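Residue-level structural notes
Letter by letter, the chains look like this.
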Amino acid sequence: MTVEVKVEETKVAEGVVVPQEEPEKDVVVEESKNDVKGAAEVKEVDAAGDVGPKTVQKSSSYKEESNFLSDLKEFERKALSELKLKLEEAILGNSLFKKEGAKKKEVEKPLEEEKEKEKETKEGKESGEQEGEKTEDVKPEGVSEKEITVQEREEEEKTEVVIEGEKSEEIDRDVSIWGVPLLPSKGSEGTDVVLLKFLRARDFKVNDALEMLKKTLQWRKESNIDSLLDEEIGVDLSSAFYMNGVDRKGHPVCYNIYGVFENEELYAKAFGDEEKRKQFLRWRFQLMEKGIQKLDLRPDGISSLLQISDLKNSPSPSKKELRTAMSKAVTLLQDNYPEFVAKNIFINVPFWYYAFNALLSPFLAQRTKSKFVFVRPAKTTETLLKYVPAEEVPVQYGGFKREGDFEFSSKDGEVSELVIKAGSTETIEIPAAEVGATLLWDLTVVGWEVHYKEEFVPSDEASYTIIIQKGKKMSSNEEPTRNTFRNNEPGKVVLTIQNSSSKKKRALYRYKTKKNASY
C-alpha cells in the first residue's frame, strides 16, 4: 500500500523531474513508521479473513520539526540564541531597515571630505618648508588665531551632535511580524517560532537568517503588507485560490485550482497586463496572510499550512503571462513566508508539468522542493486521504465535504473503512429499528470500478425488500454517493459492494439516523 502511493507521489529532486516508474529507496524511507505499521495491519487483517468495518487510520507520513527548545539540537539552540542577540542589537540600534544606514552615510561623507582637505593642507605646508619657502598662515582679516580655533571646535561639536542625534532617534521596540513581537527581550513565546522559520530556511546560518528577516521586513514595509488584510483588491480570484478545512494534523488547507484559468475572461482579469499581474500577486499574498491568521505561532501550536494545487485543465506554461506571474509569486512567497507550508501536494499532474517544473526547480530552495509531492489523476483521492480526513476532502476529490452542507458534524463520529478483497463481495448494514426515522449515508470506494447497490431489508421476513438504488457499475471517476431513506417498518439498509477486480478496494462510509418527531 505504501509503495503504490509513493510511486505516484514522486518528490522533486535536484535537476530535471521526470515520472518515476519504480519507487526509489530514499522515497520509501520517507514514509513514517506509522505508515508501515498501518500497511502491516491491513495485511494481517486480510490474512485472517476479517474485513469488517474499522476506523480510517490517520497518516503520519510527514511531521514538522518541533519548536520546543528542549527538542532542538545543540547547534540549533546555539543558532537561535545567537540570532536573538543579533536581532535585539539590530532593533535597539535601529538597523533593521535600510533608511537608518542611509542617514548615517550622509553624515559621515562630509566628515571624510573635511579630513581629506585638512590632510592636503598639511602636506602642502610641509612641502613648502622643505623648499625653504617661508610661508605665513593666511588668516582672515580681523580674525585672530584664537577665534579660528574656537570656530573649529564649534564645527566638531556640531558634527558630534548630528551623530548623537542619529543614536538618540526613537527606538521602535514594538517591531512585529504576523502579530508576533520580534524584540527577544519582550519574552513572547511566538518569537522563537518565527525566528526558527527563518533559521530553518537558511540551514541555521545565523547571518543569512538575519539578513532574510531584514529583507522580509523591508519588503512588507515597502509593499504595505500589514494593511493587506483590510485591502479591497479589484480582482476576485476566490474560485482559483481559497482556504478550506484542515488536514489530519490540524493544518489549514489552501487550495490552488489552476484549471479555472482555462476561462479566457478570468485569465485576462488575472494576467492581462502588468497592473493586473500586480493585483494577482497582492491577492495571492492576501490569501497567505489570511491563512496565517488561522495559525497558532506558539511552540505547541499549528504553525504552517498544507497546500494542494490542482493542475487539471490548467493552462500550458507556454503562456508567458501566467509563467511570469507564477514564477514571481513562487519566489516572493519562498523569500518572505519561510516554512509556512508543511507540504505542497500537486494533484492531477499532467505529463508536461514535469518538464515545466524542471525549469522552475533551480529557483527553489532544496528544503522547499523536498516538501513537494506530485500525484497523477488516478491516485488523487488515495493520496489526499493520506493527509486529509475524508470528511475534510472536497467531494470532487473523492471526499465527503460538500459546500454549504451541515448534515454531518464531528458529533456524528468518524468515517469508517471497509476493505473488500479482490473477487469478493462485502455489505454495510445501517440499522433502522425505529419506524419513521430518516437514514442518511455517504459512501465512496477509492478508485471505484466495482458494482454497487442499495436496499432496505425489513425485519419481518414476510415483507418485501425495497430497492433504493439498482445495482450498477461504478466507474473510476465517480464522486462519492449520498442517499437517504425513510423507513415505515423496522429493518436495515444494506449497501452491497462487489469487487470483481484483481485488486483489493477500500470503501469509506458514514451514516446517521434522524428521528421523526411525529412518531
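Our subject is the structure listed above.
Small disclaimer: the values here were computed from a predicted structure and weren't measured.

What counts and what doesn't
Residues numbered from 1 in each chain as written. Predicted model: local features only at pLDDT ≥ 70, side-chain atom pairs only at ≥ 80, totals over all residues. Heavy atoms only, no water. Helix = DSSP H or I, 4+ residues; strand = E, 2+ residues; numbered from the N terminus. Buried < 20%, exposed > 50% of the residue type's maximum accessible area, 1.4 Å probe, protein only. Contact = heavy atoms within 4.5 Å. Phe/Tyr/Trp six-rings, centres within 6.5 Å; stacked < 30°, edge-to-face > 60°. Pairing = 2+ DSSP bridges. Axes fitted to C-alpha atoms, helices over the stretch in contact; angles between N-to-C directions. Left-handed = near helix turned anticlockwise from the far one by under 90°. Nonpolar A, V, L, I, M, F, W, Y, C, P; charged D, E, K, R; others polar. Salt bridge = Lys/Arg side-chain N within 4 Å of Asp/Glu carboxyl O. Lys, Arg positive; Asp, Glu negative; His and termini not counted. Polar contact = N/O pair within 3.5 Å; in protein donor to acceptor, adjacent residues only side chain to side chain.

Quick look at the overall build of the protein chain now. Looking only at helices and strands, one finds 14 helices and 16 strands in the protein chain. Counting the 519 residues in the protein chain, one finds 44% classified as buried. For the protein chain, contacts bridging at least 24 residues in sequence account for 79% of all contacts bridging at least 6.

Turning our eyes to something else, we now look at the packing of aromatic side chains. With the rule as written, the count across this model stands at 20 aromatic pairs. Centre to centre, the rings of phenylalanine 75 and phenylalanine 204 are 5.6 Å apart; their planes meet at 75°, and the pair counts as edge-to-face. Placement of phenylalanine 75 in helix α4 (residues 74-92) and of phenylalanine 204 in the loop between α7 (189-201) and α8 (206-222) is noted, with a sequence separation of 129 residues between them. On the accessibility criterion, phenylalanine 75 (48% relative accessible area) is partly exposed.

Quick look at the sheet that holds strand β5 (residues 252-257) now. Taken in spatial order, the five strands make up an open sheet running β4-β5-β6-β7-β8, and their pairing is mixed. One side of each edge strand has no neighbouring strand; the edge strands of this open sheet are β4 (241-246) and β8 (372-374). Taking each pair of neighbouring strands and ignoring which way they run, the sheet shows an average axis angle of 20°. Two strands pair when backbone bridges link them, and β4 and β5 are joined in this way by four bridges, in the antiparallel orientation. Along β5, the bridge assignment pairs methionine 243 with cysteine 254. Running at roughly 15° to β4, helix α10 (residues 274-293) makes contact with β4, β5, β6 (305-310) and β7 (341-347) of the sheet. Contacting β6, β7 and β8, helix α14 (residues 380-387) crosses the sheet at an angle of about 170° to β7.

The four strands lie next to each other as β10-β15-β12-β13, forming an open sheet whose pairing is antiparallel. Looking at the sheet topology across the chains shown, the edges are occupied by β10 (425-432) and β13 (466-474). Sheet twist, expressed as the mean angle between neighbouring strand axes with direction ignored, is 15°.

What follows covers the packing of α7 against α8. A pair of packed helices is characterised by two quantities: the angle between their axes and the separation of those axes. Closest axis-to-axis distance for the α7/α8 pair is 8 Å, and the angle between their directions is 115°. Seen from above, α7 lies across α8 with right-handed handedness. Touching Leu195, Phe198, Leu199 and Ala201 of α7 are Val206, Ala209, Met212, Leu213 and Thr216, all from α8. Grouping the constituent residues of the contact of α7 with α8 by class yields eight nonpolar, one polar and no charged.

It is worth spelling out the pattern of salt bridges at this point. This model, assessed by the stated rule, comprises 23 salt bridges. The partner of aspartate 405 in a salt bridge is arginine 482, with the nearest N and O atoms 2.9 Å apart. With aspartate 405 in the loop between α14 and β9 (416-420) and arginine 482 in strand β14 (residues 481-486), this pair connects stretches of sequence that are 77 residues apart. Take aspartate 405: its relative accessible area is 22%, and that puts it in the partly exposed class.

Once that is clear, we can look at the environment of asparagine 516. Mapped onto the secondary structure, asparagine 516 falls in the segment after β16 (505-514). The residues touching asparagine 516, leaving out its near neighbours within four places in the chain, are Gly436, Ala437 and Arg486.

A few words now on the side chain of glutamate 454. Here glutamate 454 lies in strand β12 (residues 450-458). There is no salt bridge for the buried glutamate 454, and the closest opposite charge comes from lysine 472, which lies 9.2 Å off by N-O distance. At 2.5 Å, the side chain of glutamate 454 and the side chain of tyrosine 452 are in polar contact. Other than its neighbours up to four places away in sequence, glutamate 454 contacts Trp441, Ile467, Ile468, Gln469, Thr481, Asn483, Val494 and Leu495.

Let's shift gears to the pairing of β5. In terms of burial, β5 is a largely internal element, six of the six residues being buried. Linkage of β4 to β5, two consecutive antiparallel strands, is achieved through a turn of five residues, within which glycine 250 is found at a positive phi near 95°. Across five bridges, β5 lies against β6 in parallel orientation. Note on β6: the bridge partner recorded for valine 253 is leucine 306.

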